[in-house]
Amino acid sequence: SSEFLAVATLTTALVSGGAGVGPRSRQEVGSTRAGTCDHAPTGPVHVYCANDPRVDSALLNNATSRSVVGDLIAIHGTCVVTSPLVVLAGRAYTGDSRTGTVIVQANGSNLAAVVASEGVLANNSWTDNPTSLARFTIDGNARGNPASATVGLALRAWFSSVDDMHIVNCGGDGVRLSSATPTESDGPNGRIANSWIANNGGHGVHVDGATTDWNLLNNWISDSGKSAIYLKSAAGWQVAGNHLYATAEHAIFAEACWATTITNNYIEDFGRNQTGAPRADPSNASSIGGAYYGIGCMVGGGAGSIIANNKVFRFDSPTGFKAGVKFVYIGADYVRYGSGLITVTGNVVQRENGTANDVGLSYSVGSGPSGRTLRLVSAGNNVQVGPSGIQRALDKSVSLVMGV
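Quick word on the overall build of the protein chain
So, step 1. A count of helices and strands for the protein chain gives 4 helices and 34 strands.
So, step 2. Summarising the internal contacts of the protein chain: among those between residues at least 6 apart in sequence, 73% fall at separations of at least 24.
So, step 3. Of the roughly 15200 Å² that the protein chain leaves accessible, carbon and sulfur atoms contribute 53%.

Some remarks on the pattern of salt bridges
So, step 1. With the rule as written, the count across this model stands at 7 salt bridges.
So, step 2. Between Asp164 and Arg98 there is a salt bridge whose closest N-O contact spans 2.2 Å. You can see Asp164 sitting in the loop between strand E10 (161-163) and strand E11 (166-168) and its partner Arg98 sitting in the loop between strand E4 (92-95) and strand E5 (101-105), a full 66 residues away along the chain.
So, step 3. Since its relative accessible area comes to 23%, Asp164 is described here as partly exposed.

Regarding the nonpolar core
So, step 1. Core analysis: the biggest nonpolar cluster contains 80 residues, and Ile75, Tyr93, Ile103, Val115, Leu133, Ile229 and Ile342 have the highest contact counts within it.
So, step 2. Broken down by element, this core gets its largest block of residues, 5 residues, from strand E27 (residues 326-337).
So, step 3. For Ile342, the contacting residues outside a window of four places in its chain are Cys297, Val299, Ser305, Ile307, Ala332, Leu374, Arg375, Leu376 and Val377.

Let's talk about the side chain of Thr94
So, step 1. Here Thr94 is to be found in strand E4.
So, step 2. Owing to a relative accessible area of 9%, Thr94 belongs among the buried residues under this scheme.
So, step 3. At 2.9 Å, the side chain of Thr94 forms a polar contact with the side chain of Arg135.

Here we look at the state of the cysteines
So, step 1. Following the criterion strictly, the structure yields 2 disulfides and no others.
So, step 2. A sulfur-sulfur distance of 2.0 Å marks the disulfide that ties Cys49 to Cys79. Classification of the bridge connecting Cys49 and Cys79 rests on its S-S torsion, roughly 90 degrees, and on that basis the disulfide is right-handed. One end of the pair, Cys49, is in the loop between strand E1 (45-48) and helix H2 (56-66); the other, Cys79, is in strand E2 (residues 72-81), and 30 residues separate them in sequence. Each member of the pair, Cys49 as well as Cys79, carries the same accessibility label: buried.
So, step 3. Assigning the bonded cysteines of the protein chain consecutive numbers by sequence position, one obtains the connectivity 1-2, 3-4.

Comments concerning H2
So, step 1. Three or more residues of H2 are buried, namely Asp56, Ser57, Leu60, Asn61, Ala63 and Thr64. The buried side chains of H2 occupy one side of the element, clustering within an arc of 155 degrees when seen end-on.
So, step 2. Of the surrounding elements, those touching the buried residues of H2 are E1, E2, strand E3 (85-87) and E4.

A few points about the environment of Arg54
So, step 1. Checked against the element boundaries, Arg54 lands in the loop between E1 and H2.
So, step 2. Here Arg54 falls in the exposed class, since its relative accessible area comes to 73%.
So, step 3. Here the alpha-carbon distance between Arg54 and Val81, two residues 27 residues apart in the chain, equals 8.2 Å.
So, step 4. Of the polar contacts made by the side chain of Arg54, one reaches the side chain of Asp52; its length is 2.8 Å.

A look at the sheet that holds strand E9 (residues 151-155)
So, step 1. Spatially, E3-E6-E9-E12-E15-E18-E21-E24-E27-E30-E33 is the arrangement adopted by the 11 strands of the open sheet, whose pairing is parallel. The open sheet has two edge strands, E3 and strand E33 (390-394), and neither has a second partner. The average undirected angle you get between the axes of adjacent strands in this sheet is 15 degrees.
So, step 2. Two strands pair when backbone bridges link them, and strand E30 (residues 358-363) and E33 are joined in this way by 4 bridges, in the parallel orientation. Looking at E33, one finds that Val359 is bridged to Ile390.

Considerations on unusual backbone geometry
So, step 1. A positive phi angle, close to 50 degrees, is found at Asn110, a residue other than glycine.
So, step 2. Tracing the backbone shows Asn110 in the loop between E5 and strand E6 (113-117).

Re the pairing of E9
Regular strands place their side chains on alternate faces of the sheet.
So, step 1. Within E9, 5 of the 5 residues are buried, leaving the element largely enclosed by the surrounding structure.
So, step 2. With 3 bridges joining them, E9 and strand E12 (residues 175-178) adopt parallel strand pairing. What sits directly across from Leu153, in E12, is Val175.

Things to note about the environment of Ala40
So, step 1. Assignment of secondary structure puts Ala40 in the loop between helix H1 (5-12) and E1.
So, step 2. Taking the C-alpha atoms as reference points, Ala40 and Val69, 29 residues apart in sequence, are found 7.7 Å from one another.

Observations concerning the packing of aromatic side chains
So, step 1. Tallying each qualifying case throughout the model produces 9 aromatic pairs.
So, step 2. Each ring, one from Phe253 and one from Tyr293, has its centre 5.5 Å from the other, and the planes form 70 degrees; the classification is edge-to-face. Taken together, the residues span a long stretch of sequence, with Phe253 in strand E21 (residues 252-257) and Tyr293 in strand E24 (residues 291-300) at a distance of 40 residues.
So, step 3. Taking 6.0 Å as the distance between ring centres and 75 degrees as the angle between the ring planes, the aromatic pair formed by Tyr266 and Phe313 counts as edge-to-face. Here Tyr266 is found in strand E23 (residues 266-267), whereas its partner Phe313 is found in strand E26 (residues 311-313), with 47 residues between them in sequence.

What about the confidence of the model for the protein chain?
So, step 1. Scored by pLDDT, the protein chain comes out at a mean of 86, with 83% of its residues at no less than 70.
So, step 2. Every residue in residues 1-37 scores below 50 in pLDDT, and together they form 82 contacts with partners more than four places removed in sequence or on other chains.
So, step 3. Across residues 279-287, where pLDDT falls below 50, the model places 19 contacts with residues more than four positions away in sequence or in other chains.

With respect to the environment of Ile221
So, step 1. Relative to the helices and strands, Ile221 is located in strand E17 (residues 220-224).
So, step 2. Taking the relative accessible area as the measure of exposure, Ile221 reaches 0% and is therefore buried.
So, step 3. Separated by 47 residues in the primary sequence, Ile221 and Gly174 place their C-alpha atoms 9.3 Å from one another.
So, step 4. Here Ile221 is in contact with Ile197, Gly204, Val205, Ala228, Ile229, His243, Leu244 and Tyr245, once residues within four sequence places are set aside.

Criteria and cut-off values
- Residues numbered from 1 in each chain as written.
- Predicted model: local features only at pLDDT ≥ 70, side-chain atom pairs only at ≥ 80, totals over all residues.
- Heavy atoms only, no water.
- Helix = DSSP H or I, 4+ residues; strand = E, 2+ residues; numbered from the N terminus.
- Contact = heavy atoms within 4.5 Å.
- Areas by Shrake-Rupley, 256 points an atom, 1.4 Å probe, with all protein chains shown as cover.
- Salt bridge = Lys/Arg side-chain N within 4 Å of Asp/Glu carboxyl O.
- Buried < 20%, exposed > 50% of the residue type's maximum accessible area, 1.4 Å probe, protein only.
- Core = buried A, V, L, I, M, F, W, Y, C linked by side-chain atoms within 4.5 Å.
- Polar contact = N/O pair within 3.5 Å; in protein donor to acceptor, adjacent residues only side chain to side chain.
- Disulfide = S-S within 2.5 Å.
- Arc of directions from axis to C-beta.
- Pairing = 2+ DSSP bridges.
- Axes fitted to C-alpha atoms, helices over the stretch in contact; angles between N-to-C directions.
- Phe/Tyr/Trp six-rings, centres within 6.5 Å; stacked < 30°, edge-to-face > 60°.
- pLDDT = per-residue confidence, 0-100.

Encoded structure:
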């Protein structure tokens, strides 16, 4: 993304060694590009921040640049940064706790990201090798950088993990995963888990590219300025056990469901932004524009997907709404290509004072090329959208299949 190019020059001198390449596709999972490693890991690399914007960025990135593949980088205290913490491949970054280690953007820094993969900052044409981040807070300090759409964590690395983090107060996305190429399956097999992602101006978690086969598990995502979870690619993803609330737009929206699992999530509300029309993929705006989704899925032909055992409510959403805007609690309203296959079962949908703008379940092939189909199992869902709401909207182009 071009917004990261401006900071690339700040990091080039800091980045040395350990630059591997992850898979460009599922068929290349075992391939890497040779990195440099001058010596074997010798133990944790400790960084003691000074709570001082004049020195903390240098303390962090000098320690990172001295590290080698396999090192644990242990960060202590509050780090007030004026340039991004560069995440190098093959390292593990850890803090003392979410309160004991805080990386916060300094006032007026206007960073593209607070913490970012080397490959993102350098705009590399490959995906970084695995890394992990755990047990610290990333604070975008949006109040001190009001004109900046700073991303909290911008990651481009395969087989990586983000665990027990607090990512908060960013002008842009809380977490953004990107791929080296916009359409080729890339950067698979990662996990974001057990984290609180809150009060961010963009999406809580945003997959901006073709990153596939990740697990998004047991997170709390609140007060998102856009969607709580927005997946441009959802192929092979498992989105499970997340608690989402105070969401301006969609709670979970997946542009490309293909072998996707969305289960056991608790959605308190969605569509709280009443100031404008919902955002949608411009290429398919005619199909999904004008609706906020609790769970929305654009289905790809081929491998089937599952939406099951979710709780989707709109308890605390405003009663007023922009004319023409619908609230779809669970929807598979577009088939991107071929014959889509999806099962929707065991979900609870509730809005006791729903209006005609509340649609519990919505299924459609959507407008576009002919020849696309959707084979659907929809069963065992408890849908309560009030006396005026629509329990289920089923387009005639959808084939409703009985389960076995």
